[in-house]
Structure formats: structure tokens, C-alpha cells
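Here is what each chain is made of, one letter per residue.
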Amino acid sequence: MKISLMDGSSYFRGLLLLIRKDRKISDSEAALMKRVGKSLGFEREFCENAIHEVLDNPHIAGEPPEFSRREVAEKFVLDGITLSVSDGEAHAFEREWLRRTAEKNGLDREWFAGRWDRAVEGRHDATDLEVDTLTVEFSASDSFRDQPLR
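First, a word on what this report is: a plain description of the structure on this page.

Analysis parameters
Residues numbered from 1 in each chain as written. Predicted model: local features only at pLDDT ≥ 70, side-chain atom pairs only at ≥ 80, totals over all residues. Heavy atoms only, no water. Phe/Tyr/Trp six-rings, centres within 6.5 Å; stacked < 30°, edge-to-face > 60°. Helix = DSSP H or I, 4+ residues; strand = E, 2+ residues; numbered from the N terminus. Buried < 20%, exposed > 50% of the residue type's maximum accessible area, 1.4 Å probe, protein only. Contact = heavy atoms within 4.5 Å. Salt bridge = Lys/Arg side-chain N within 4 Å of Asp/Glu carboxyl O. Core = buried A, V, L, I, M, F, W, Y, C linked by side-chain atoms within 4.5 Å. Axes fitted to C-alpha atoms, helices over the stretch in contact; angles between N-to-C directions. Left-handed = near helix turned anticlockwise from the far one by under 90°. Nonpolar A, V, L, I, M, F, W, Y, C, P; charged D, E, K, R; others polar.

1. Some words on the packing of aromatic side chains
Logical step 1: Counted by the stated rule, this structure contains eight aromatic pairs.
Logical step 2: Judged by centre distance (5.9 Å) and plane angle (40°), the rings of F12 and F46 are tilted. With a gap of 34 residues between them, F12 in helix α1 (residues 5-19) and F46 in helix α3 (residues 44-53) connect regions that are remote in the sequence.
Logical step 3: Every member of this aromatic cluster is reached through a ring pair, and the members are Y11, F67, F76 and W97.

See below:
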């Protein structure tokens, strides 16, 4: 599925916000975030810096992202669930933030609850990431010079 650069940026930034919720970034979370960044076409160094700096960066607001299409939001939430359980701990504040993200993007509460419960019970394949099915479309009009880092 093709997505805009803005959705790709929101996807990566949103998952960064998620992994900082418990105030620590595990090796498994960092590895998954590098994979997400690569899938979205971001430079390795940019991704590594963002991962290492997210805990101390006060300029990134913690609001859940809003995507241009429901399908992108579903993929984001599924990848967020994968990240949340990747360190062996499913934190309530990660769950709540992902639930709010789902709600903000018009996703059904029961859909979210079912996916979360399946992941927590270990019936979720943590090797599959939805981001691997996405392709970011870069265009000449894409510029982040005037975009806030929210």
C-alpha cells in the first residue's frame, strides 16, 4: 500500500512515542524501530539518532497520530501492539495510548481489544510487521521545513 510522506513520518514518530511510554527502550524495541524506519525509507543514522534521543526530547508532543486513511491507522496500531509486547511487558499506559490512537482514527474498540488480548496471550506473530507492506511516496512538494515536530 502506498502512503504519503506525512503518514510515513507520523507512523515512525508515533511508534517512537509509544516505545518511550515506559521510559526505557529495550533492545527488541530498538531493533524493531530500525526495521520500521528502513521499511519507511528513512536513513539509518536518522532512525538511530531518533531512537536514542526520544527519551530526552521535550520537543516531541505525546499526542497519538492521526492518519489520512483508516487502513494506515490499522497497520500502525497492529505494529504498535507488536512493539508493546516485544519487550515481554505489556504496559497499561502503552495499551491506553494505542487505544486512544485507534479511537482517534475511527477504529472499533472491540477490534482493538481483540488484537491487544491476542498479543498479550502470545497468539500474535511478533516477526510480522505491517509496515513491511507500506511504501512511502515521496514527492517534490514534500518538505518538512515548515512542519512542527509535534
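From this point, the narrative continues.
2. Thoughts on the side chain of S84
Logical step 1: Tracing the backbone through its elements, the reader meets S84 in helix α4 (residues 70-86).
Logical step 2: Using a relative accessible area of 1% as the deciding quantity, one classes S84 as buried.
Logical step 3: In this view, S84 contacts L18, E89, A90, E94, L98 and W116; residues no more than four positions away in its chain are not counted.

3. Brief notes about the pattern of salt bridges
Logical step 1: This model, assessed by the stated rule, comprises ten salt bridges.
Logical step 2: For E137, the salt bridge is made with K2, and the minimal N-O distance between the two is 3.9 Å. Remark: K2 occurs in strand β1 (residues 2-4) and E137 occurs in strand β2 (residues 135-137); sequence separation between them is 135 residues.
Logical step 3: For K2, a relative accessible area of 53% corresponds to the exposed category.
Logical step 4: Notably, a salt bridge pairs E63 with R100, separated by 3.8 Å at the nearest N-O pair. Pair noted here: E63 is in the loop between α3 and α4 and R100 is in helix α5 (residues 92-104), with a separation of 37 residues, a long-range link.
Logical step 5: What makes R100 partly exposed here is its relative accessible area of 31%.
Logical step 6: Where salt bridges share partners, they join E96, R99, E103 and R109 into one cluster.

4. Section: the nonpolar core
Logical step 1: Counting residues in each nonpolar core, the largest one holds 41 residues, and the members touching the most others are Y11, F12 and L40.
Logical step 2: Within the residue set of this core, elements represented by two or more residues are α1, α2 (27-40), α3, α4, α5 and α6 (109-120).
Logical step 3: Once residues within four sequence positions are removed from consideration, Y11 is found in contact with V36, L40, F67, V72, K75, F76, D79, E130, V131 and L134.

5. A few points about the packing of α5 against α6
Logical step 1: At their nearest, the axes of α5 and α6 sit 10 Å apart, and the two run at 145° to each other. Pair α5 / α6 crosses with right-handed handedness. On α6, the residues touching R95, L98, R99, A102 and E103 of α5 are R109, F112, A113 and W116.
Logical step 2: Residues belonging to the contact of α5 with α6 are distributed by class as follows: five nonpolar, no polar and four charged.

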